Amino acid sequence: MIFTKGKIVEQKAVANGYYLLSIAQPDIASKAIPGQFVMLKAWERGDLILPRPFSLYRILPRQGQLQILYKVRGKGTAEMARRVPGDEVELIGPSGNGVTLPAKGAIALLGRGIGAAPLMAIAEEAAAKGLAVYTFLSARKRELVLGDEDFARYSRRVIVATDADQENGSRLLTDLLADLLSEGISVDRVFTCGSKRLARGLVPMQSQYGFKAYVLLEEVMACGIGACKGCVCKIAAPGGGGVVYKKVCQDGPVFPVDEVVW
Amino acid sequence: MQVDISVELASGLRLKNPVMPASGTYEYGDNVNAFDPAELGAIVTKSISLVPWPGNAPPRLCETSSGLLNAVGIPSEGLKSFRENTLPRLKKYNTDLIVSVAGKSVTEFAQVIAGLEAEEGISAYELNFSCPNLGNGIPFATQPQLMQQALEQARQATARPLIVKLSPNVTDIKVMAQAAEKGGADALALINTVTGMAIDVERRRPVLGNIFGGLSGPAIKPIALRMVWETVGAVSIPVIGLGGINNTADALEFFLAGASAIQVGTANFANPLVMLEIIKGIANYLQENKFTKLTDIVGLARTAIEE
Ligand SMILES: Cc1cc2nc3c(=O)[nH]c(=O)nc-3n(C[C@H](O)[C@H](O)[C@H](O)COP(=O)(O)OP(=O)(O)OC[C@H]3O[C@@H](n4cnc5c(N)ncnc54)[C@H](O)[C@@H]3O)c2cc1C
Ligand SMILES: Cc1cc2nc3c(=O)[nH]c(=O)nc-3n(C[C@H](O)[C@H](O)[C@H](O)COP(=O)(O)O)c2cc1C
Ligand code: FES
């Protein structure tokens, strides 16, 4: 575990209340893998005592930088949005297990809203490994479809659906994935983030289309390193019957969709 | 000039420094420590129960102003797994090891301890009496007689030092402290978390899966300090102070109130180096103020008002 400081290089508003934060932190950038996250604290306020977890949107070891795509939700993220280039933030990480990509073939990424954040790093690494990437993004409205231009660089196709603008008839990303697969394209692995409904929808599709699907889960965290036991999610007990609690920070945040009990 | 920051918590239990992690707030192992845990005055484990406990349903955490509400509920791997999987790892660190023990019945504490007596390398047990007992659903730590009974059984199960951890959720902490002393405690640790809750106004329901949780962090420090002060005045065994300690100055307040050692919990989450900083900070403070040993400042704020 690395506990260190990073310097903000850029803070860019990407939509109303959504920002892309670039941080110079070479040690974490050289160690992190897609799907991992950092605990970040960007304030000195004594009333905000915990760091907050954020996925790595991009991992840039050559530049020694990390990028975080975030949505202003409460006090901590509101403080983050006030920081400017040159300011320092505290970081703990890289945390969590990250994803395992297949050696060859194709993957699909399904992101809802801010759930696009961890998928970007996956797309970039998959493309670098020569995998075909199909990206599906949805949001309430077009401006909240995040990172689609970045995704386009690493994806064979980026398919977008929005609720408000009726793009793609506001269809579920799982249905749009099914459309793609019925064109004769096959994918080996699917990663999703940002919507329980999408993750649940992928469960029955696995056997039908022959892929393995994983979800990146979120839970409120205190430590991010497995110490507090606070971030648990429900996982089907091995051997069936009952539920066990697993720590999202240490056992996840990536879980097979069929093991999660929603 | 070298200053002596070691502390004696019981006969045969001298810690190299007075700083320990609070039970349940610190992990030990590969890739989770920002410094070598051997630097700690002692390692304190998460509370261990006789059989595995799953813990409470999520959500388990909610940050409040200057505080953290947790309803983790002591998930435990249970005695057997602890002995086989966790204990061997913890013994490797070159510092004292304190095993925190939890139970739901008067006999359970002694049973867990009995199951650990054959193990070498355990310096002391800390008894966490804050979970509700199965009989009446009320925590031991708020019922002096029941706590004393459980403690007396634990006392018979071991010759190792016993540290009793007290809950702040009582009318008079002195009553509990004296019951623990009578029951055979070698030292006391206080405070555990303060019961509280939070409600989500958008969803119009309690935030925590368990409805109630325990408040920790800076918000509870004044309560903890007052209770440590009262306890030190009421018993003659050493007191370990904790609750909201965030830096060296916070720790010093507890020593000046009469605590012999301190523990740090919630502050580890934001600053994984905080305990190391406090260990160094205490030594610096003693040096700068021309004290030769930590025990010179223990309780000084008490004598200040007596003069
Ligand atoms: C592994 C992981 C990766 C994450 N990655 C990203 C990311 O890349 N970009 C991003 O914008 N956000 C991400 N999040 C969510 C982010 O951590 C929260 O939005 C942030 O902690 C909110 O802090 P705050 O102080 O602004 O809000 P608070 O004031 O703490 O809370 C505001 C509201 O948000 C809710 N909330 C707080 N934390 C979470 C959470 N973890 N999940 C769901 N609801 C929450 C609270 O219950 C409350 O209702 C991630 C979370 C996890 C666990
Ligand atoms: C997430 C969490 C888990 C805890 N688990 C335990 C536990 O297993 N046993 C115990 O005796 N106390 C437990 N505590 C209480 C702490 O040890 C400590 O008494 C309390 O948090 C006050 O100290 P702090 O303000 O420095 O955190 C826990 C506290 C937190 C925040
Ligand atoms: S956040 Fe503390 S155990 Fe996961």
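The structure we're discussing is the one just above.
In this report, the structure presented in the accompanying data block is examined.

Conventions adopted
- Residues numbered from 1 in each chain as written.
- Chains lettered and ligands numbered in written order.
- Predicted model: local features only at pLDDT ≥ 70, side-chain atom pairs only at ≥ 80, totals over all residues.
- Heavy atoms only, no water.
- Helix = DSSP H or I, 4+ residues; strand = E, 2+ residues; numbered from the N terminus.
- Rg over C-alpha atoms; globule rule 2.2 N^0.38 Å.
- Contact = heavy atoms within 4.5 Å.
- Areas by Shrake-Rupley, 256 points an atom, 1.4 Å probe, with all protein chains shown as cover.
- Lys, Arg positive; Asp, Glu negative; His and termini not counted.
- Charge placed at Lys NZ, Arg CZ, Asp CG, Glu CD.
- Near = heavy atom within 4 Å.
- Polar contact = N/O pair within 3.5 Å; in protein donor to acceptor, adjacent residues only side chain to side chain.
- Nonpolar A, V, L, I, M, F, W, Y, C, P; charged D, E, K, R; others polar.
- Buried area = accessible area lost by both parts, 1.4 Å probe.
- Salt bridge = Lys/Arg side-chain N within 4 Å of Asp/Glu carboxyl O.
- Pairing = 2+ DSSP bridges.
- Axes fitted to C-alpha atoms, helices over the stretch in contact; angles between N-to-C directions.
- Parallel < 35°, antiparallel > 145°, perpendicular 65-115°, else oblique.
- Left-handed = near helix turned anticlockwise from the far one by under 90°.
- Core = buried A, V, L, I, M, F, W, Y, C linked by side-chain atoms within 4.5 Å.
- Buried < 20%, exposed > 50% of the residue type's maximum accessible area, 1.4 Å probe, protein only.
- Patch = residues over 30% accessible without salt bridge, like charges linked within 9 Å, V, L, I, M, F, W, Y side chains within 5 Å.
- Phe/Tyr/Trp six-rings, centres within 6.5 Å; stacked < 30°, edge-to-face > 60°.
- Right-handed = clockwise from strand over helix to strand, strands pointing away.

With that settled, the discussion passes to the overall build of chain B. Each helix and strand counted, chain B has nine helices and 16 strands in total. For a compact globule of 307 residues, the expected C-alpha radius of gyration is about 19 Å, and chain B comes in at 18 Å, within 12% of that figure. C-alpha extents for chain B along the principal axes are approximately 55 × 50 × 45 Å. Expressed as a percentage of contacts within chain B between residues at least 6 apart in sequence, the contacts between residues at least 24 apart total 69%. Accessible area of chain B: about 12,200 Å², with a carbon and sulfur share of 51%. Here chain B carries 24 positive and 29 negative side-chain charges, and the mean point of each set is 5 Å from the other.

What follows deals with the site of ligand 1. All names here are of chain A. Around ligand 1 sit 19 residues in total, of which Arg52, Pro53, Arg73, Gly76 and Thr77 are the nearest. Within the backbone of lysine 75, an N or O atom sits 3.4 Å from an oxygen atom of ligand 1. Look at ligand 1: alone it shows 870 Å² of surface, and the protein chains cover 78% of it. Breaking the shell around ligand 1 down by element, the ones donating at least two residues are strand S4 (52-55), strand S6 (65-71) and helix H2 (75-82). Sorting elements by how many residues they give to the shell around ligand 1 places S4 first, with four residues. Of the residues belonging to the shell around ligand 1, the class tally is nine nonpolar, four polar and six charged.

Tallying the contact residues gives 31 residues for chain B and 29 residues for chain A. Here chain B packs against chain A, burying approximately 2,300 Å² in sum over the two surfaces, 63% of which is carbon and sulfur. Among the residues of chain B in contact with chain A, B:Leu61, B:Glu63 and B:Phe269 are the three that bury the most area, contributing 27% of the side total. At the junction of chain B with chain A, the criterion picks out two salt bridges. Here B:Glu63 ties to A:Arg52 by a salt bridge, and the two come within 3.0 Å at their closest N and O atoms. Remark: the boundary between chain B and chain A carries eight residue pairs in polar contact (both at pLDDT 80 or more). Those elements that place two or more of their residues in the side of chain B that touches chain A are strand S5 (61-64), strand S6 (67-70) and helix H7 (267-270) of chain B. Per-element accounting of the side of chain B that touches chain A gives the leading share, three residues, to S5(B). Looking at the side of chain B that touches chain A residue by residue, the class counts come to 15 nonpolar, twelve polar and four charged.

In this section: the sheet that holds strand S8 (residues 124-128) of chain B. The pairing of strands in a sheet happens through backbone hydrogen bonds and is either parallel or antiparallel. All names here are of chain B. If you trace the eight strands from one edge of the open sheet to the other, you get S3-S16-S15-S10-S9-S8-S7-S4, paired in parallel fashion. Pairing within the sheet leaves two strands with one partner each, and these edge strands are strand S3 (19-21) and strand S4 (42-44). When strand polarity is set aside, the average angle formed by the axes of neighbouring strands in this sheet is 25 degrees. Relative to S8, strand S7 (residues 96-102) runs parallel, the two sharing five bridges.

This part is about the packing of helix H4 (residues 173-182) of chain B against helix H5 (residues 221-234) of chain B. Residues and elements named next belong to chain B. With their axes 9 Å apart at the nearest point, H4 and H5 run at an angle of 45 degrees to one another. Compared by their axis directions, H4 and H5 come out oblique. Once H4 is placed against H5, the crossing between them reads as right-handed. Between H4, through Ile173, Lys174, Ala177, Gln178 and Glu181, and H5, the contact on the second element is made entirely by Met227, Glu230, Thr231 and Ala234. Of the residues in the contact of H4 with H5, the class split is four nonpolar, two polar and three charged.

We now examine the nonpolar core. Membership of the largest hydrophobic core comes to 99 residues, with the highest contact counts inside it found for B:Val99, B:Leu127, B:Phe129, B:Val164 and B:Leu188. Considering each element in turn, this core owes the most residues, eight residues, to helix H8 (residues 274-288) of chain B. Contact partners of B:Phe129, with chain neighbours within four places excluded, come to B:Phe109, B:Pro139, B:Phe140, B:Ala141, B:Met147, B:Ala150, B:Leu151, B:Val164 and B:Lys165. Ranked by size, the runner-up nonpolar core spans 49 residues in total, among them A:Ile92, A:Leu180, A:Val190 and A:Cys233.

All right, on to a positive patch on the surface then. Together, A:Lys196, A:Arg197, A:Arg200, B:Arg203 and B:Arg205 give the surface a local cluster of positive charge. The element contributing the most residues to the positive patch is helix H6 (residues 196-209) of chain A, with three residues.

Let us now look at the packing of aromatic side chains. Taken as a whole and assessed by the stated rule, the structure comprises nine aromatic pairs over all chains. For the ring pair A:Tyr19 and A:Tyr70, a centre distance of 5.5 Å and an interplane angle of 20 degrees mean the geometry is stacked. Taken together, the residues A:Tyr19 in strand S2 (residues 18-24) and A:Tyr70 in strand S6 connect sequence positions 51 residues apart. A relative accessible area of 1% means that A:Tyr70 is categorised as buried. Each ring, one from B:Tyr28 and one from B:Tyr93, has its centre 6.4 Å from the other, and the planes form 50 degrees; the classification is tilted. Here B:Tyr28 is found in the loop between S3 and S4, whereas its partner B:Tyr93 is found in the loop between helix H1 (79-91) and S7, with 65 residues between them in sequence.

Okay, the pattern of salt bridges next. Applying the stated criterion to the full structure yields 26 salt bridges over all chains. Across the pair A:Asp258 and A:Lys212 runs a salt bridge, and its minimum N-O distance is 3.6 Å. Here A:Lys212 lies in strand S12 (residues 212-216) and A:Asp258 lies in the segment after strand S15 (254-256), a separation of 46 residues in the sequence. For B:Glu27, the salt bridge is made with A:Lys229, and the minimal N-O distance between the two is 2.9 Å.

Taken together, B:Met197, B:Ile199, B:Ile211 and B:Phe212 make up a surface patch of nonpolar side chains, about 380 Å² in accessible area. Position of B:Ile199 among the secondary structure elements: in strand S12 (residues 199-200).

Residue and element names in this part refer to chain A. Judged by how many residues are buried, strand S8 (residues 106-112) sits mostly within the fold: six of seven residues are covered. Strand direction decides the pairing type here: S8 and strand S9 (residues 132-139), joined by seven bridges, are parallel. Residue pairing across strands places alanine 108 opposite tyrosine 134, the latter belonging to S9. Crossover S8 to S9 through helix H3 (residues 116-128) is right-handed. The sheet contact formed by S8 and strand S11 (residues 189-193) spans five bridges and is parallel. Bridge pairing links glycine 111 to cysteine 193 in S11.

Among the 21 residues in the neighbourhood of ligand 2, the closest are listed as B:Ser23, B:Ser47, B:Lys165, B:Gly244 and B:Thr266. Surrounding ligand 2 is a set of residues that belongs to chains A and B. In this structure, an oxygen atom belonging to ligand 2 sits 2.8 Å away from a main-chain N or O atom of B:Ser23. Between a nitrogen atom of ligand 2 and a side-chain N or O atom of B:Asn128, the distance comes to 3.1 Å. Relative to its unbound accessible area of 610 Å², ligand 2 is 98% covered by the protein chains. Here the residues of the shell around ligand 2 are counted per class, giving five nonpolar, 14 polar and two charged.

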